[in-house]
Amino acid sequence: MQQPAQRDQRTKRLNRVLVGAAVVPVMLIAAGCSSDSGSDSDSASGSDGAGKSASSGPSASASASPTVQAAAYSKLPDSCAVLSKKTLGDLVPKAKSGKAGKADDASSRGNCSWSSLDDNGVKGSQFRWLNVSLLRFDSDTTRGAGDELAREYYDKQVQAAQGVDGAKSVKSEPVAGTGDEATSVRYDLKKKEGSFKQQTVVVRVENVVVTLDYNGAGLAGEKTPSADTLSKSAQKAAKEAVTAVSKANDTGAPSPSKSASSSPSKTAAN
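Residues numbered from 1 in each chain as written. Predicted model: local features only at pLDDT ≥ 70, side-chain atom pairs only at ≥ 80, totals over all residues. Heavy atoms only, no water.

Trainee: Describe the state of the cysteines, with residues and values.
Mentor: Going through the model one piece at a time under the given rule, you end up with one disulfide. One disulfide in the model links C80 with C112; its S-S distance is 2.0 Å. Disulfide C80 to C112: torsion about the S-S bond roughly 95 degrees, handedness right-handed. Here C80, found in the loop between α2 (60-63) and α3 (85-91), pairs with C112, found in strand β2 (residues 109-119); they are 32 residues apart in sequence, far enough to count as distant. C112 sits in the buried class, given a relative accessible area of 0%. (Disulfide = S-S within 2.5 Å. Helix = DSSP H or I, 4+ residues; strand = E, 2+ residues; numbered from the N terminus. Buried < 20%, exposed > 50% of the residue type's maximum accessible area, 1.4 Å probe, protein only.)

Trainee: Describe the packing of aromatic side chains, naming the residues involved and giving the relevant values.
Mentor: This model, assessed by the stated rule, comprises two aromatic pairs. An angle of 80 degrees between the planes, with centres 6.0 Å apart, marks the rings of F127 and F196 as edge-to-face. Residue F127 is located in strand β3 (residues 125-136), and its partner F196 is located in strand β6 (residues 194-205); the two are separated by 69 residues in the primary sequence. For F196, a relative accessible area of 6% gives the class buried. Taken together, a centroid distance of 5.6 Å and an interplanar angle of 50 degrees make the contact between F137 and Y153 tilted. (Phe/Tyr/Trp six-rings, centres within 6.5 Å; stacked < 30°, edge-to-face > 60°.)

Trainee: How would you sum up helix α4 (residues 146-162)? Please name residues and give values.
Mentor: Under the 1.5 Å per step criterion, the end-to-end length of α4 is 25 Å for 17 residues, consistent within 8% with the ideal 24 Å. Those residues of α4 that fall on the buried side of the exposure criterion are G146, D147, L149, A150, R151, Y154, V158 and A161. Against the buried residues of α4 lie β5 (181-191), β6 and β7 (208-219). (Expected span 1.5 Å × (residues − 1). Contact = heavy atoms within 4.5 Å.)

Trainee: Tell me what's going on with the side chain of R186, and back it up with residues and numbers.
Mentor: One can find R186 in strand β5. R186 sits in the buried class, given a relative accessible area of 19%. For R186, the side chain forms a polar contact with the side chain of D228, separated by 2.7 Å. Contacts of R186, omitting those with residues within four sequence positions, involve S169, V170, K171, Q198, Q199, A227, D228 and S231. (Polar contact = N/O pair within 3.5 Å; in protein donor to acceptor, adjacent residues only side chain to side chain.)

Trainee: Can you lay out helix α5 (residues 227-248) for me, pointing to particular residues and giving the numbers?
Mentor: Between its first and last C-alpha atoms α5 spans 32 Å; for 22 residues at 1.5 Å apiece the expected length is 32 Å, and the two agree. Among the structural elements, α3, β3, β4 (168-174), β5, β6 and β7 are those in contact with the buried residues of α5. The N-cap residue of α5 is S226: its side-chain oxygen and the backbone nitrogen of D228 are 3.3 Å apart. Positive phi shows up at D250, right after α5, with a value of about 55 degrees.

Trainee: Can you tell me about the sheet that holds β6, naming the residues and giving the values?
Mentor: Pairing in this open sheet of seven strands is antiparallel, and the strands run β1-β2-β3-β7-β6-β5-β4 from one edge to the other. Only two strands of the sheet have a single neighbouring strand rather than two, namely β1 (99-100) and β4. Pairing between β5 and β6: eleven bridges, direction antiparallel. Bridge pairing links K190 to S195 in β6. (Pairing = 2+ DSSP bridges.)

Trainee: Describe the confidence of the model for the protein, and please don't skip the residues or the numbers.
Mentor: In this model, the protein carries a mean pLDDT of 79, and residues with pLDDT of at least 70 account for 69%. Taken as a whole, residues 17-56 scores under 50 in pLDDT and shows zero contacts with residues more than four places along the chain or in a different chain. This stretch, residues 255-270, has a pLDDT under 50; its non-local contacts, to residues over four places away or in other chains, come to 30 contacts. (pLDDT = per-residue confidence, 0-100.)

Trainee: Let's hear about the side chain of N249: which residues, and what values?
Mentor: Tracing the chain through its elements places N249 in the segment after α5. Taking the relative accessible area as the measure of exposure, N249 reaches 12% and is therefore buried. Looking at N249, its side chain comes within polar contact range of the main-chain oxygen of K75, at 3.0 Å. For N249, the side chain forms a polar contact with the main-chain oxygen of V245, separated by 2.9 Å. With sequence-adjacent residues up to four places away left out, N249 is seen in contact with Y73, S74 and K75.

Trainee: With reference to specific residues and values, describe the nonpolar core.
Mentor: If you look at the biggest cluster of nonpolar residues, it comprises 29 residues, and the most contacted ones within it are L83, L130, V132, V210 and L212. At the level of secondary structure, the elements contributing two or more residues to this core comprise α3, β2, β3, β6, β7 and α5. Top element by residues in this core is α5. It accounts for eight residues. In this structure, L212 is in contact with L130, N131, V132, Q199, T200, V201, A234, A237 and A238, ignoring residues within four places of it in sequence. Counting residues in each nonpolar core, the second largest holds 13 residues, with L149, V158, Y187 and V209 among its members. (Core = buried A, V, L, I, M, F, W, Y, C linked by side-chain atoms within 4.5 Å.)

Take a look at the structure:
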């Protein structure tokens, strides 16, 4: 009788030991999983936190988006109205109204020309031709600031005037007190009608380039005009045109901008 009871007691104790032994690995596994999960969670949380921090704040490249200074002048005057009647009377005395060139955008470009023929019959005649061209450049984040673009065009215009086919006795000189930079180019040009004295004055004022072409000739035996006289008249007219550009933008008389070169244009040569 005692043996079965003892066996039963031993069996119960053994079962309790086995149950306790079986519980330990489960708890360890659970703890291990919990630990791993917590570690992964912390790691993920740290990664997400870093990601959110990086994505929530603007990147260096985004904050340093390209910018360009706004152009000083936003419009142009009527190209046929940039010179006074007195100036036109001096340069092209027999001219009627100016002839405006076609332009898709009058706020960006324009040109006007006048021609004058003072016919003295058998004594010959004096011919004069005048053209004023205006070109304005807007600032652009891709191409650059308006005044820089105007400077590039200014240099090209001066070079073009200096390299005219058939030009003789080419002479270039800086023009003081006109815009931010100005160059006068003069030369002789022989045509079938006679010998022409050509004057080209190129001026940059802020983001606008003014190109004034003026030539004269004595035809049918008339005396050839003085190159010096024509040059002085052309320079005076160019200065007047620059003032008209400034007034059209309500800035009054033009003054040299910060971008103005203190020395004559690189393209100018004596």
